[in-house]
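# Descriptive structure summary
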Amino acid sequence: MDTSKLKTSTGFRYENAFENAVEKFPTLARISSAATFGIPGLALTKVDEGLCECMTPQGICVAGPYVLITAYCNINKYREELEKHATKGGNPSKLEAARNHKQHKSVIYVVDKESLEHIATVALPDCTHGGGISYDGTFVWVAKDNERKMSAVLFSELERVIHYGFGTVRYLSTVNVKCQASFTITYGDRMWVGNTFSRTTGTMVGFRVKNVLGIPRLVRDGEIEMPVLAQGAMLADIGDKTYLAISVSGGRVNPSTVYRYEVDMSKVEKGKVLKREDCRDLGTLQLPPMMEEITIDPETRAVYTQFESASSPYADVEGNPCKSIVDRVCVSTLEDWFPEV
Ligand SMILES: [Zn+2]
């Protein structure tokens, strides 16, 4: 089979499943009120001249005219799921392919913010889990989870690769942030890094990004408490108040929970942790399982929400696929997240 013409897949992978998810979770309709677009590459991603059918999306952010989505080759999980069902028939051809599948580099899918069309798939230099991505105006930051590191890609270099259509970007710098680096966002003049755990409450650590002769340095400044298993967060203003939404996911069966607070940012100080009990609690929202990052475009104020449930290791398996699959990025206004304020 000639695979040279195969391209990164686009469009909706599981249309019916999404409609079922909307029926089950009315909030999903509200947070996709402005638009939706299929997460690229779920069925097939072209990377490094290879083809991957188990890329699993993680982070999302807006950088200039682009929506950027990180994903990693989740072949270990996919193979494990296929092996589990091999004795009951399973899917021998998929299993055979999975056994021969070498781990691909992680990628950034680039989507045009206006047309919502996929315009490039950019490879990262490594196979990082890439749990989050954020943009500070100069650098695109990739959160590297259990490596406890943040890697910076120069936006102008990323843009050159985007114009070319494909290729690999370098990390200009990789910083040991001494925290879990599970997700990342920007708000005001800080970059925030999720420092969250599966069994205990975590935090989100604030950093000032200092550009020292073109190389970013990170200076810790402030910390906000996070619930167990936080996968993403959004900080944004409505009027003169600041609001925080935190996405918490607990596997492929349980719904995701979004915790919402009004936060007094003047209480965020160096060397202190702002507790959630010191924020005004606005209650929770229920969304389908496996929610990942939430991000707001500082220019248009559109909010983008991402799920990982439509990736092959969680959706395209015989035994225990995710029950409420979301195959698309959901776009809404900030007010859709905080209708009561
Ligand atoms: Zn792969």
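The preceding data block contains the structure.
Summarised in this report is the structure supplied together with it. (Residues numbered from 1 in each chain as written. Predicted model: local features only at pLDDT ≥ 70, side-chain atom pairs only at ≥ 80, totals over all residues.)

A few words on the overall build of the protein. Each helix and strand counted, the protein has seven helices and 24 strands in total. Relative to the globule expectation of 20 Å for 341 residues, the C-alpha radius of gyration of the protein, 19 Å, shows essentially globular dimensions. A principal-axis box enclosing the C-alpha atoms of the protein has dimensions of 60 × 50 × 40 Å. Taken across its 341 residues, the protein has 52% of its residues classed as buried. Sequence-distant contacts in the protein: of pairs separated by 6 or more residues, those separated by 24 or more amount to 61%. (Helix = DSSP H or I, 4+ residues; strand = E, 2+ residues; numbered from the N terminus. Rg over C-alpha atoms; globule rule 2.2 N^0.38 Å. Buried ≥ 20, exposed ≤ 12 C-beta atoms within 10 Å, placed from the backbone. Contact = placed C-beta atoms within 7 Å.)

Once that is clear, we can look at the sheet that holds strand β13 (residues 184–187). Taking strand neighbours across the sheet as the criterion, the five strands line up as β13-β14-β15-β16-β20 in an open arrangement whose pairing is mixed. Looking along the sheet, the strands with just one partner apiece sit at the ends: β13 and β20 (273–274). By the bridge criterion, five bridges tie strand β14 (residues 190–195) to strand β15 (residues 202–212) in an arrangement that is antiparallel. Residue Val193 lies in a different strand from β15, and its bridge partner there is Val205. (Pairing = 2+ DSSP bridges.)

To continue, consider the nonpolar core. Among the nonpolar cores identified, the biggest contains 108 residues, and Leu68, Val122, Val140, Val193 and Ala233 are the most heavily contacted of them. Sorting elements by how many residues they give to this core places strand β5 (residues 66–73) first, with seven residues. Not counting residues within four places of it along the chain, the set of residues in contact with Val140 comprises Ala63, Leu68, Ile133, Tyr135, Val153, Phe155 and Leu158. (Core = buried A, V, L, I, M, F, W, Y, C linked by C-beta atoms within 7 Å.)

Another point: the packing of helix α3 (residues 75–84) against helix α4 (residues 92–99). The geometry of α3 relative to α4 is characterised by a closest axis approach of 9 Å and an angle of 145 degrees between their N-to-C directions. The handedness of the crossing between α3 and α4 comes out as left-handed. Where α3 approaches α4, its residues Ile75, Tyr78, Arg79, Leu82 and Glu83 are matched on the opposing element by Lys94, Leu95, Ala98 and Arg99. Of the residues belonging to the contact of α3 with α4, the class tally is five nonpolar, no polar and four charged. (Axes fitted to C-alpha atoms, helices over the stretch in contact; angles between N-to-C directions. Left-handed = near helix turned anticlockwise from the far one by under 90°. Nonpolar A, V, L, I, M, F, W, Y, C, P; charged D, E, K, R; others polar.)

Spatial ordering of the open sheet is given by β17-β18-β19-β21, a layout of four strands whose pairing is antiparallel. A single partner strand is all that each edge strand has here, and the edge strands are β17 (230–238) and β21 (280–287). Geometrically, the sheet is characterised by an average inter-axis angle of 20 degrees between neighbouring strands, direction not taken into account. Summarising the sheet, strand β19 (residues 256–263) and β21 pair through six bridges and their orientation is antiparallel. Counted as the bridge partner of Val258 is Leu285 from β21.

Before going further, it helps to spend a moment on the environment of Pro216. Inspection of the secondary structure puts Pro216 in strand β16 (residues 215–226). Judged by local crowding, Pro216 falls into the buried class, with 20 C-beta atoms found within 10 Å. With 65 residues separating them in the primary sequence, Pro216 and Ser151 have C-alpha atoms 9.9 Å apart.

With that settled, the discussion passes to the environment of Glu159. Mapped onto the secondary structure, Glu159 falls in helix α5 (residues 155–164). The class for Glu159 is partly exposed, based on 18 C-beta atoms found within 10 Å. Remark: the alpha-carbon pair of Glu159 and Asp2, spanning 157 residues in sequence, is separated by 30 Å.

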